[in-house]
Amino acid sequence: MSFTLDKVVPWGRSFEEYVAMFSLTPDDLKVDILGCGDGPSSFNSVLTQRSGKVISADPLFRYSKAQITQRITDTYAEVMEQTRQNQHEFVWDSISSVEQLGQIRMSAMQDFLDDYEQGLVDGRYRDASLPFLPFRDGQFGLALCSHFLFLYSDQLGLEFHLEAVREMCRVAREVRIFPLLKLGAEPSGLVDSVRKDIEAEGYRVWITRVGYEFQRGGNTMMKINRG
Ligand SMILES: C[S@@+](CC[C@H](N)C(=O)[O-])C[C@H]1O[C@@H](n2cnc3c(N)ncnc32)[C@H](O)[C@@H]1O
């Protein structure tokens, strides 16, 4: 599937949401972290400010700050309207309204935009597309993937997911993926197959509950390591 800016709907989550989605402990945040498909989230920006070591890999990063800013401006109203229409798919608990959600997402994306050009210079934002990562075997302690794998289960299919998970396991000692839902807040039918195939290749796989649920039913992550 070719990647173009007009297919991206930028909608980045905050550092605090990443910590909750992946149950990240202070020790987790001390290892070298790779974020796959981080897009315009503020995870990289905030963790870097807190002296963490993180690289984000996403094909979005082939575009300039001006192009990404324009795309955020062009799509914001549409995303807000879609969220309003699909409010039943979400748990309005820690985020209490569509308007508050918009503020949290825009603030996270602004943090990302403010950091983006320096991050490109530092090599913290890398233009890369799963299932291929331009990194050494075992380069990272932890590889995260938020709202990309499993979310597009119907579009990307099982083979893509297996290749992507193997590649993340090649470059990191541990992999965490959240959520295990596909679009429409339905459970992804690929989770069991990915788990079975990856376990058969010698990895240990856990599905664990986390203290974050915004998409209704989206409160589990997949954790994979070599044991
Ligand atoms: C829904 S956004 C999630 C952004 C961020 N992870 C978050 O949770 O806020 C999905 C991201 O996946 C990125 N993406 C699309 N194709 C990709 C690929 N083949 N490999 C890695 N990331 C990809 C998109 O550019 C986009 O930034």
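This report concerns the structure included in the present document. (Residues numbered from 1 in each chain as written. Predicted model: local features only at pLDDT ≥ 70, side-chain atom pairs only at ≥ 80, totals over all residues. Heavy atoms only, no water.)

## Quick word on the site of the ligand
In step 1: If you check the shell around the ligand, you find 18 residues, and the closest are Arg-13, Gly-37, Asp-58, Leu-130 and Ser-146.
In step 2: Within the backbone of Arg-13, one N or O atom sits 2.7 Å away from an oxygen atom of the ligand.
In step 3: Here Ser-146 contributes a side-chain N or O atom positioned 2.4 Å from an oxygen atom of the ligand.
In step 4: Bound to the protein, the ligand loses 90% of the 600 Å² it would expose on its own.
In step 5: Looking at the shell around the ligand, its residues break down into 8 nonpolar, 7 polar and 3 charged. (Near = heavy atom within 4 Å. Polar contact = N/O pair within 3.5 Å; in protein donor to acceptor, adjacent residues only side chain to side chain. Areas by Shrake-Rupley, 256 points an atom, 1.4 Å probe, with all protein chains shown as cover. Nonpolar A, V, L, I, M, F, W, Y, C, P; charged D, E, K, R; others polar.)

## Some details on the environment of Arg-195
In step 1: Within the element layout of this structure, Arg-195 appears in helix H6 (residues 191-200).
In step 2: A relative accessible area of 28% means that Arg-195 is categorised as partly exposed.
In step 3: Excluding its chain neighbours within four sequence positions, the residues that come into contact with Arg-195 are Val-205, Trp-206, Ile-207 and Met-222. (Helix = DSSP H or I, 4+ residues; strand = E, 2+ residues; numbered from the N terminus. Buried < 20%, exposed > 50% of the residue type's maximum accessible area, 1.4 Å probe, protein only. Contact = heavy atoms within 4.5 Å.)

## A few points about the pairing of strand S5 (residues 172-178)
In step 1: In terms of residue burial, S5 counts as a mostly covered element, since 6 of its 7 residues are buried.
In step 2: Looking at chain direction, strand S4 (residues 140-146) and S5 are connected through 6 bridges and run parallel. Across the sheet, the residue bridging to Ser-146 is Phe-178, located in S5.
In step 3: As a crossover connection, the stretch from S4 through helix H5 (residues 153-171) into S5 is right-handed. (Pairing = 2+ DSSP bridges. Right-handed = clockwise from strand over helix to strand, strands pointing away.)

## Side note on the side chain of Glu-17
In step 1: Here Glu-17 lies in helix H1 (residues 15-21).
In step 2: A relative accessible area of 6% means that Glu-17 is categorised as buried.
In step 3: When near neighbours in sequence (up to four residues on either side) are disregarded, Glu-17 contacts Ile-95, Ile-104, Arg-105 and Tyr-212.

## A word on the pairing of strand S1 (residues 33-36)
The two faces of the sheet receive side chains in turn, since in a regular strand these alternate between them.
In step 1: Taking every second residue as pointing to the same face, both faces of S1 are buried, with Ile-33 and Gly-35 on one and Leu-34 and Cys-36 on the other.
In step 2: Alignment of S1 against strand S2 (residues 54-57), held across 4 bridges, turns out to be parallel. In the sheet register, Ile-33 faces S2, and the bridge partner there is Val-54.
In step 3: Of the crossover connections in this fold, the one passing from S1 over helix H2 (residues 43-49) to the parallel S2 is right-handed.
In step 4: Relative to S4, S1 is paired through 4 bridges, and the arrangement is parallel. Its bridge partner being in S4, Cys-36 is matched across the sheet by Cys-145.

## Here we look at the environment of Arg-204
In step 1: Structurally, Arg-204 is set in strand S8 (residues 204-209).
In step 2: Taking the C-alpha atoms as reference, Arg-204 lies 15 Å from Ala-143; in sequence the two are 61 residues apart.
In step 3: Non-local contacts of Arg-204, meaning those with residues more than four positions away in its chain, are made with Lys-223, Ile-224, Asn-225 and Gly-227.

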